Amino acid sequence: DAGITQSPRYKITETGRQVTLMCHQTWSHSYMFWYRQDLGHGLRLIYYSAAADITDKGEVPDGYVVSRSKTENFPLTLESATRSQTSVYFCASSERQYEQYFGPGTRLTVT
Amino acid sequence: KNQVEQSPQSLIILEGKNCTLQCNYTVSPFSNLRWYKQDTGRGPVSLTIMTFSENTKSNGRYTATLDADTKQSSLHITASQLSDSASYICVVSGNYGQNFVFGPGTRLSVLP
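All values derive from a computational prediction rather than experimental measurement.

### Side note on unusual backbone geometry
Then comes step 1: A cis amide bond links Ser 7 of chain B with the next residue in sequence, Pro 8 of chain B, at an omega value of -10°.
Then comes step 2: Here Pro 8 of chain B shows up in the loop between strand S1 (4-7) and strand S2 (10-14).
Then comes step 3: Omega for the peptide link from Ser 28 of chain B to Pro 29 of chain B comes to -5°, which places this bond in the cis form.
Then comes step 4: Structurally, the position occupied by Pro 29 of chain B is in the loop between strand S3 (19-25) and strand S4 (30-38).
Then comes step 5: Positive phi outside glycine occurs at Ser 28 of chain A, with the angle close to 60°.
Then comes step 6: Relative to the helices and strands, Ser 28 of chain A resides in the loop between strand S3 (19-25) and strand S4 (31-37).
Then comes step 7: Ser 28 of chain A gets classed as exposed once you look at its relative accessible area, which sits at 53%.
Then comes step 8: Phi is positive for Lys 71 of chain B, close to 60°, though the residue is something other than glycine.
Then comes step 9: The partly exposed category is assigned to Lys 71 of chain B, whose relative accessible area is 30%.

### Quick look at the interface of chain A and chain B
Then comes step 1: Listed as interface residues are 15 residues of chain A and, on the opposing side, 17 residues of chain B.
Then comes step 2: The tally of links between chain A and chain B comes to zero salt bridges.
Then comes step 3: In this assembly, chain A and chain B are joined by three residue pairs in polar contact (both at pLDDT 80 or more).
Then comes step 4: Looking at which element gives the most residues to the side of chain A that touches chain B, the answer is S4 of chain A, with three residues.
Then comes step 5: Broken down by class, the residue content of the side of chain A that touches chain B amounts to eight nonpolar, five polar and two charged.

Procedures and definitions
- Residues numbered from 1 in each chain as written.
- Chains lettered and ligands numbered in written order.
- Predicted model: local features only at pLDDT ≥ 70, side-chain atom pairs only at ≥ 80, totals over all residues.
- Heavy atoms only, no water.
- Helix = DSSP H or I, 4+ residues; strand = E, 2+ residues; numbered from the N terminus.
- Buried < 20%, exposed > 50% of the residue type's maximum accessible area, 1.4 Å probe, protein only.
- Contact = heavy atoms within 4.5 Å.
- Salt bridge = Lys/Arg side-chain N within 4 Å of Asp/Glu carboxyl O.
- Polar contact = N/O pair within 3.5 Å; in protein donor to acceptor, adjacent residues only side chain to side chain.
- Nonpolar A, V, L, I, M, F, W, Y, C, P; charged D, E, K, R; others polar.

Written out as structure tokens, the structure is:
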């Protein structure tokens, strides 16, 4: 039972490049979320999805794109990476709206 | 503005001692409050979830309290263990559970 996985775990990219972070869950949870975690800040919601083909913006969506064509996958794309997007990204899933299960995180560095 | 504050920012205790972490919030309307434990390099893991009508919930050596009137919560850890060393994050949900506001966390270090 893999639960929720993220790939890659570590990524270094250059400013201006497009990069996609993958998130996969095996529970068939309806809700999926993307967060970023930076020193001095709590986890901040980027985007979330209530079901396949339904996505909505969170607190900090600028510069990010998401899609959810299948219930189990929720990729996050940085269309043109900037240094300010250097962060640790966490994906989470939930069947109910208020109980979330987090993935192990992806540490992204934009140079 | 919806906010969650946590104190202290960091805490160091000796193994076997008890400690209490605090969470104050201004999120409204209130739906539920959760405490998460986040080990270094890992994703957060849920410890407790409390709704408006619950004022105490336990999970082993972890006991969370909620005072919805004063908008305060605490997480009490009993007989601390080295494995309790982690960040503890308070998360408050409003708007029927769709608005998640995360606190900055308290970094707990348990020393032998």
